[in-house]
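Residue-level structure breakdown
If you want the building blocks of each chain, they are given just below.
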Amino acid sequence: MLRFDEIGVLPEPGDNVAISSRRLEAGTVIDFDGTAVTLPHTVLEGHRFVARPVATGEPLLSWHTPFARAVRDLEVGDYVCTPTSLAAVSARGVQGLPQEPSARNEPLDPYELDESALNLGQQVTSVEQPGTFLGYPRQQGPAGTRNHVVLLATSSLSSGFVTELARRFDGAEGFDGVVPVGHTEGGESGTPNNLHVLLATLAGFALNPNVGAVLIVDTEDELVSGQAIKDFMAEHGYPPIRVPHAFFTRQRGFEADLTAAGRLVEPWLPVVAVQRREEVPLADLWIGLQCGGSDAFSGVSANPLSGAVAREVIRHGGIAVLAETDELIGAEGYVLKNVRDLPTARRFLKTVQSFKERVGWHGHTAEGNPSGGNVYRGLYNIVLKSVGAARKLDRDVRLDHVIDYAEPMPGHGFVFMDSPGNDLESVAGQVASGCNLIFFTTGNGSITNFPFVPTIKFVTTSTRYELLHAEMDVDAGRYLTGAPMDDLTSETFDLTVRVASGEPSAGERAGHSQVSIWRNWRQSGPREGISITTDGRTSRVLADLPAEDRDAPLPGLPLEVETPIAIETPRTTGFPVTLLAADGRRAPEQVGLILPTSLCSGQIALRLAAQAEADRWAGDAVSRMVALPHTEGCGSSGGASEETFARTMLGYLLHPNTRMALLLEHGCEKTHNDYFRSRLVEAGADPSRFGWASIQADGGLDAVTVRVRDWFGSFNLPSPEPVQGTVGELTVALEARGTLTPETAETMALIGREIVGAGGSVVLSSRGALLTDEGFRYAAFGSPAAVEPTIAHGQRFAVPGWHVMRMPGTDWMETATGFGAGGVQQVLAHVGGGTLSAQRFVPVVEFSNDPETVAKYGDDLDAIASGNPQEQAQVGLEAIADVASRRHVPKAVASGNVGFQITRGLLGTSM
């Protein structure tokens with residue numbers, strides 16, 4: 001028999017349900033104050049069970065807050081589960097569960113502020129003798145806790161460039177390093193809805209105190225440019241950038257631009273390196289408070305501890321910044337328990353309301369926030385998650401300011417910043433607002449870090465800390481086993497000062513980081529039949545939405561092409577290619593794929609793929625190793641965008657070029673390994689064909705590296721055999737960027753006709769320049785009439801031929817990623833006015849017949865076309881054959897100018 005105090009945690013006295021501190025199997029006997037109770041069902045660690053009887057319809061309480069209501073009379077020891085939580089646990093194959101849920105979620109009613117009862121209290125008392133840390137003094141603002149040279153891309157168009165440029169400065173000594181800041185935003189044609197957010201974030205990054213020098217990189221004629229950042233800063237009263245800096249516009253070949261940009265950066269290195277840490281006041285410590293991969297104990301141990309340490313920082317004059325707006329919905333009363341003034345309270349509630357409205361425009365509600373990992377680890381719904389998350393605001397601390405995402409700090413004290421619950425996007429906003437240190441609490445063991453701001457990780461339980469000790473900094477689980485909170489606060493405050501003074505955090509020692517800015521949202525207002533009002537009403541469900549909005553699959557039949565006009569085809573030799581045969585398939589490549597199931601495992605997947613390639617983990621069985629990092633799988637809405645995401649992921653797992661594939665989960669995401677096992681079964685694929693690894697469950701980076709290495713090394717597959725084929729065995733996407741002349745349109749049509757005529761398939765973008773050109777349609781299809789999509793974004797076609805993929809936007813990397821998921825094996829792009837980034841998985845072959853483009857970017861082109869359309873088409877087809885035969889590596893790939901990004905469609909939004 002186990003005592004209740006050995007296995008149960010009551011967040012607050014008077015709660016009628018307790019949190020299980022370990023997994024309890026059905027039949028376990030518990031001593032509740034002298035009464036023996038046999039548990040009727042399995043209760044997982046972090047899940048709740050009844051601590052005192054609850055009648056049907058009565059609320060279930062944690063932190064004295066109703067989070068659900070009993071659907072039947074519940075006795076002591078009964079397992080508390082809602083429909084959502086029961087489904088999430090059942091999907092993981094847990095045995096001993098009840099057949100029906102015991103509770104239903106408590107509706108989220110809008111919070112009503114009683115202004116007459118508002119507590120306009122005082123901030124915590126300042127210490128008599130404020131402390132100091134060793135930092136880098138700046139001419140303006142707080143001191144830095146680090147000293148980096150930052151290479152900042154203004155949009156996704158330059159993300160590959162800054163990444164490759166930073167790689168060339170690996171090993172720079174005397175300071176904290178040269179780091180790239182690439183991201184996914186601003187690369188689409190037209191004005192994005194998040195433009196203000198994006199410009200504010202970029203401006204804030206450049207001014208962050210941890211930046212010792214910054215190069216801001218854009219491309220010619222783009223909307224989000226260096227000049228746009230200058231104008232934004234001037235318009236909104238930002239101070240000038242006072243560290244060494246420059247604005248660089250890419251306008252030549254990739255290698256030439258890398259050399260020119262490098263010449264700007266090199267003189268800064270000794271300037272930054274001579275800077276030394278000095279004693280500066282703790283008032284210069286500005287801390288961003290974050291949580292990710294939360295569990296049921298986050299609100300009991302880690303969040304209260306981070307809040308207590310933040311309280312001490314504020315007592316020394318510093319700043320603490322809470323964020324993640326949707327993760328405070330349901331906890332508004334706690335946040336406003338002590339507030340500076342009525343306008344601050346009103347602005348906080350207006351911010352929450354605005355966030356709910358924006359999410360509602362896309363057909364979602366805040367109830368969709370908890371990830372699959374959150375639910376599995378005991379956070380059944382947004383109320384439990386929010387009430388626990390709010391504990392990062394200490395009970396004694398006053399809310400002083402409310403700011404927009406990435407807005408500069410208005411003053412000291414405790415600040416709330418508007419942001420989505422997506423951890424990485426929220427951190428980016430805090431860094432842009434000036435934070436020079438991040439507190440990150442986690443239950444599952446989130447490993448994410450930011451490139452130039454250190455992160456201190458607090459883990460909720462000692463069990464998780466022991467499993468992931470190399471990636472974690474603070475074992476907050478000691479509080480659950482008796483360590484006084486005051487002692488933990490003092491220890492962690494000392495650690496905070498040491499890290500601020502230069503001691504590497506666990507994340508810095510691990511050496512990985514990533515950036516994601518609040519991603520663009522497609523809807524700018526309510527739409528009839530799609531949007532959900534803040535009272536939860538909507539008139540349609542997902543299946544009723546227009547097919548384009550939900551990106552529903554299409555039949556996948558090719559276009560019905562009329563007899564094309566009489567244009568001489570390039571030649572009839574079939575354009576031979578040397579394919580690789582393996583496992584009964586012939587393809588241009590036989591790829592080994594490491595596919596991260598969410599954004600948080602992306603950088604680790606890249607590292608593992610590089611190591612696997614260098615050390616030949618798969619031997620000669622694969623032609624190369626590839627990882628596909630992205631920003632999805634967690635921290636975003638479900639519904640239509642999730643369906644597109646899942647289809648895209650499966651498209652790469654089942655791609656004809658993929659020979660071996662392993663899925664790498666972070667461990668706490670919505671789309672975890674078990675999620676994709678189910679998706680593969682639905683698609684008729686055998687999950688046992690694939691490898692499965694988990695950063696968290698396998699025990700951290702070293703352990704998961706061994707697991708991945710051992711899986712790829714466990715096969716003794718023969719080397720692929722070279723075989724002769726033709727371009728008629730390929731699936732090729734055709735794309736045109738820049739000015740499309742009649743000559744170019746005819747050239748591309750001839751190339752497509754040659755491939756389709758030989759038995760292959762050609763895929764076009766529904767938003768691409770080719771389909772908008774009547775001349776192309778006439779030359780390719782025999783009719784100038786407009787055509788409709790034949791396949792959805794990322795969908796595999798059913799029958800070969802001419803196909804049009806429905807694209808929700810014009811972002812190049814999202815377009816290329818959709819092509820690849822649809823089975824495309826190569827993209828041939830005619831470019832004018834500038835070149836494109838390559839896609840990590842699908843080779844992108846770039847050619848041009850434009851003299852100006854050839855003159856400026858000729859070194860980046862894979863082929864240069866001239867002559868009549870027939871002669872130009874032959875050049876394009878020969879380039880396709882050379883790349884498919886592995887005789888030529890596309891220039892963009894060879895230079896490191898690569899990327900990968902998954903669309904959120906028209907209804908996806910950050911949460």
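Just so you know, these numbers come straight off a predicted model, no measurement behind them.

1. Focus: the overall build of the protein chain
The number of helices and strands found in the protein chain is 27 helices and 38 strands. The C-alpha atoms of the protein chain give 28 Å as radius of gyration, which agrees with the globular expectation for 911 residues (29 Å, within 12%). Its C-alpha atoms give the protein chain principal-axis dimensions of roughly 90 × 65 × 55 Å. Taking all 911 residues of the protein chain together, 63% fall into the buried category. A separation of at least 24 residues holds for 75% of the contacts in the protein chain among residues at least 6 apart in sequence. A total of about 31,900 Å² of accessible surface is found on the protein chain, and carbon and sulfur atoms cover 49% of it. The distance from the centre of the 72 positive side-chain charges to the centre of the 109 negative ones in the protein chain is 1 Å.

2. A few points about the nonpolar core
The biggest cluster of nonpolar side chains holds 89 residues, and the ones touching the most others in it are L60, F67, F348, L399 and F414. Other than its neighbours up to four places away in sequence, F348 contacts L328, E332, V335, L336, L399, V402 and F416. With 51 residues, the next largest nonpolar core counts M233, V359, M417 and V427 among its residues.

3. Re the packing of helix α18 (residues 602–615) against helix α21 (residues 701–713)
Direction vectors running N to C along α18 and α21 enclose 50°, while the axes themselves pass 11 Å from each other. The angle between α18 and α21 falls in the class oblique. Like other packed secondary-structure pairs, α18 and α21 cross with a definite hand, here right-handed. Counting all contacts with α18, which are made through I604, R607, L608 and Q611, the residues of α21 involved are L701, T705 and V708. Across the contact of α18 with α21, the residue classes break down as four nonpolar, two polar and one charged.

4. Things to note about the side chain of D860
Mapped onto the fold, D860 is located in the loop between α25 (851–857) and β37 (863–864). Those residues in contact with D860 that lie beyond four places of it in its chain are R252, G253, F254, E255, T835 and K891.

5. Thoughts on the pattern of salt bridges
This model, assessed by the stated rule, comprises 45 salt bridges. Its salt-bridge partner being E491, residue R478 comes within 2.9 Å of it at the nearest N-O pair. Placement of R478 in the loop between β23 (474–475) and α15 (485–500) and of E491 in helix α15 is noted, with a sequence separation of 13 residues between them. Residue class for R478 comes out partly exposed when judged on its relative accessible area of 32%. A residue is classified by how much of its surface remains accessible, and E491, at 40% relative accessible area, is partly exposed. Ionic contacts of the salt-bridge type, sharing partners, join the residues E185, E188, E425, R519, R522, E632, E814 and R904 into one network.

6. Structural notes on the packing of aromatic side chains
Tallied over the entire structure, the rule returns 24 aromatic pairs. Seen in terms of ring centroids, F348 and F416 are 5.1 Å apart; in terms of plane orientation they differ by 80°. Their pairing is edge-to-face. Of the two residues, F348 sits in helix α10 (residues 342–361) while F416 sits in strand β20 (residues 413–417), which places them 68 residues apart along the sequence. In terms of burial, F348 and F416 fall into one category: buried. When the ring of W711 is compared with that of F715, the centres are 5.0 Å apart and the planes differ by 75°; the resulting orientation is edge-to-face. Three or more aromatic residues link up through ring pairs in this structure, and these residues are F355, Y405, W518 and W521. Above the plane of the ring of F67 lies R48, whose end atom (NZ or CZ) is 5.6 Å from the centre. Above the ring of Y376, the side-chain terminus of R92 is found at 4.3 Å from the ring centroid.

7. With respect to the sheet that holds strand β27 (residues 624–627)
The parallel open sheet is built from four strands, whose spatial order is β27-β26-β28-β29. Of all the strands in the sheet, the pair left with one neighbour each is β27 and β29 (691–694). Taking each pair of neighbouring strands and ignoring which way they run, the sheet shows an average axis angle of 20°. Summarising the sheet, strand β28 (residues 658–665) and β29 pair through four bridges and their orientation is parallel. By the bridge assignment for β29, L664 is matched with A693. Its contacts with the sheet place helix α19 (residues 640–653) against β26 (591–596) and β28, and it is angled at close to 155° to β26.

8. Observations concerning the sheet that holds β23
Strand order in the open sheet made by the seven strands is β19-β20-β18-β17-β21-β22-β23, with parallel pairing throughout. Both edges of this open sheet fall to β19 (399–403) and β23, since each of them pairs with a single strand only. Pairing of β19 with β20, which is carried by four bridges, proceeds in the parallel orientation. Its bridge partner being in β20, H401 is matched across the sheet by V415. Its contacts with the sheet put α10 on β19 and β20, and the angle it makes with β19 is roughly 45°. On top of the sheet, α15 reaches β17 (286–291), β21 (437–442), β22 (455–459) and β23; it is set at about 155° to β22, its chief contact.

9. Description of the pairing of strand β8 (residues 65–70)
In terms of strand pairing, strand β7 (residues 59–62) meets β8 through four bridges, oriented antiparallel. Along β8, the bridge assignment pairs L61 with P66. As paired strands, β8 and strand β10 (residues 103–105) are joined by three bridges and run antiparallel to one another. Looking at the pairing, A68 lines up with N105 of β10.

10. As for the confidence of the model for the protein chain
This prediction gives the protein chain a mean pLDDT of 94; 97% of its residues lie at or above 70. In this model residues 537–542 is a low-confidence stretch, pLDDT under 50, and it forms 14 contacts with partners more than four residues away in sequence or in other chains.

11. A word on helix α23 (residues 774–781)
Where α23 is concerned, the buried positions are F776, R777, A779, A780 and F781. Taken together, the buried residues of α23 touch α22 (742–757), β32 (761–765) and β33 (802–805). Between the side-chain oxygen at the start of α23 and the backbone nitrogen of G775 there is a gap of 3.0 Å, and the oxygen is on D773. G782 sits one or two residues past α23 and shows a positive phi near 80°.

12. Things to note about the side chain of Q430
Within the fold, Q430 resides in helix α13 (residues 423–433). Owing to a relative accessible area of 0%, Q430 belongs among the buried residues under this scheme. Excluding residues that lie within four positions of it along the chain, Q430 makes contacts with G288, L289, Q290, V321, L322, A323, M417, C435 and I438.

13. Here we look at the state of the cysteines
This model, assessed by the stated rule, comprises zero disulfides. With no disulfide of its own, C668 lies closest to C634 among cysteine sulfurs, the gap being 5.9 Å. The exposure class of C668 is buried, given its relative accessible area of 4%.

14. As for the pairing of strand β14 (residues 211–219)
Buried residues dominate β14, accounting for nine of its nine residues. Two strands pair when backbone bridges link them, and strand β12 (residues 148–153) and β14 are joined in this way by six bridges, in the parallel orientation. Counterpart to L152 in the pairing with β14 is I216. As defined by bridge partners, β14 adjoins strand β15 (residues 245–250) across six bridges and the pair is classed as parallel. When the sheet's bridge partners are listed, I216 is paired in β15 with F247.

About the cut-offs
- Residues numbered from 1 in each chain as written.
- Predicted model: local features only at pLDDT ≥ 70, side-chain atom pairs only at ≥ 80, totals over all residues.
- Heavy atoms only, no water.
- Helix = DSSP H or I, 4+ residues; strand = E, 2+ residues; numbered from the N terminus.
- Rg over C-alpha atoms; globule rule 2.2 N^0.38 Å.
- Buried < 20%, exposed > 50% of the residue type's maximum accessible area, 1.4 Å probe, protein only.
- Contact = heavy atoms within 4.5 Å.
- Areas by Shrake-Rupley, 256 points an atom, 1.4 Å probe, with all protein chains shown as cover.
- Lys, Arg positive; Asp, Glu negative; His and termini not counted.
- Charge placed at Lys NZ, Arg CZ, Asp CG, Glu CD.
- Core = buried A, V, L, I, M, F, W, Y, C linked by side-chain atoms within 4.5 Å.
- Axes fitted to C-alpha atoms, helices over the stretch in contact; angles between N-to-C directions.
- Parallel < 35°, antiparallel > 145°, perpendicular 65-115°, else oblique.
- Left-handed = near helix turned anticlockwise from the far one by under 90°.
- Nonpolar A, V, L, I, M, F, W, Y, C, P; charged D, E, K, R; others polar.
- Salt bridge = Lys/Arg side-chain N within 4 Å of Asp/Glu carboxyl O.
- Phe/Tyr/Trp six-rings, centres within 6.5 Å; stacked < 30°, edge-to-face > 60°.
- Lys NZ or Arg CZ within 6 Å of the ring centre and 35° of its normal.
- Pairing = 2+ DSSP bridges.
- pLDDT = per-residue confidence, 0-100.
- Polar contact = N/O pair within 3.5 Å; in protein donor to acceptor, adjacent residues only side chain to side chain.
- Disulfide = S-S within 2.5 Å.

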